Amino acid sequence: MNREIEELIAVQQLLAKEKADDIRQYNEQVLKSSLTYRKNTGLSWYPVVINNTEIGLGEYLILEIERTTNLNEPHQFTVGKTVTLFSNQGDGSNPDKLN
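Since the structure is predicted, the reported quantities are computational estimates derived from the model, not experimental observations.

S.K.: A description of the overall build of the chain should follow, citing residues and the corresponding values.
M.R.: A count of helices and strands for the chain gives two helices and two strands. Starting at the N terminus, the α and β elements of the chain follow one another as α-α-β-β. With 99 residues in all, the chain has 8% of them scored as buried. Across the chain, the fraction of contacts at a sequence separation of at least 24, relative to all contacts at a separation of at least 6, is 25%. Accessible surface, the chain: about 8,900 Å² in total, of which carbon and sulfur atoms supply 52%.

Given below as structure tokens:
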């Protein structure tokens, strides 16, 4: 193999390691932490109000949300980033469905 291909393979392996570490950090910071911790560190907004919904380019769902408390607190949200939504309404029989 020539040197360029070997370098690309090495970069690909490093990117895979970085991705795995990002997933591990996400699991530690978000999935295993309390809502209070996530709110205090700016990882979660709770509660929120959905002001507008629409289907955008590529059939992506666009939500316009607004915090109802802690309006002046710093957060880590930016336009265009992927987010996870949850609802604490309903009977809990279908946790994947958001009304």
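Moving on, there is more to tell.
S.K.: So, the pairing of strand 2 (residues 61-67): which residues are in play, and what are the values?
M.R.: Where strand 1 (residues 48-55) lies against strand 2, seven bridges are found, and the strand directions are antiparallel. Bridge pairing in strand 2 links Val49 to Glu66. Between strand 1 and strand 2, which pair antiparallel in sequence order, lie five residues; one of them, Gly58, sits at a positive phi of approximately 70°.

S.K.: Can you break down the pattern of salt bridges residue by residue, with the values?
M.R.: All chains considered together, the criterion is met by three salt bridges. Across the pair Arg3 and Glu7 runs a salt bridge, and its minimum N-O distance is 3.2 Å. With Arg3 and Glu7 both in helix 1 (residues 3-31) and four residues apart, this pair spans about one turn of that helix. On the accessibility criterion, Arg3 (61% relative accessible area) is exposed. Relative accessible area serves as the criterion here: at 42%, Glu7 is assigned to the partly exposed category.

S.K.: So what's going on with the side chain of Arg67? Which residues, and what values?
M.R.: With respect to the helices and strands, Arg67 occurs in strand 2. Comment: no salt bridge for buried Arg67; closest opposite-charge side chain is Glu73, at 6.8 Å. At 3.2 Å, the side chain of Arg67 and the backbone oxygen of Leu71 are in polar contact. Setting aside its immediate chain neighbours within four residues, Arg67 contacts Trp45, Pro47, Glu73 and His75.

Reading the values: rules and limits
- Residues numbered from 1 in each chain as written.
- Predicted model: local features only at pLDDT ≥ 70, side-chain atom pairs only at ≥ 80, totals over all residues.
- Heavy atoms only, no water.
- Helix = DSSP H or I, 4+ residues; strand = E, 2+ residues; numbered from the N terminus.
- Buried < 20%, exposed > 50% of the residue type's maximum accessible area, 1.4 Å probe, protein only.
- Contact = heavy atoms within 4.5 Å.
- Areas by Shrake-Rupley, 256 points an atom, 1.4 Å probe, with all protein chains shown as cover.
- Pairing = 2+ DSSP bridges.
- Salt bridge = Lys/Arg side-chain N within 4 Å of Asp/Glu carboxyl O.
- Lys, Arg positive; Asp, Glu negative; His and termini not counted.
- Polar contact = N/O pair within 3.5 Å; in protein donor to acceptor, adjacent residues only side chain to side chain.

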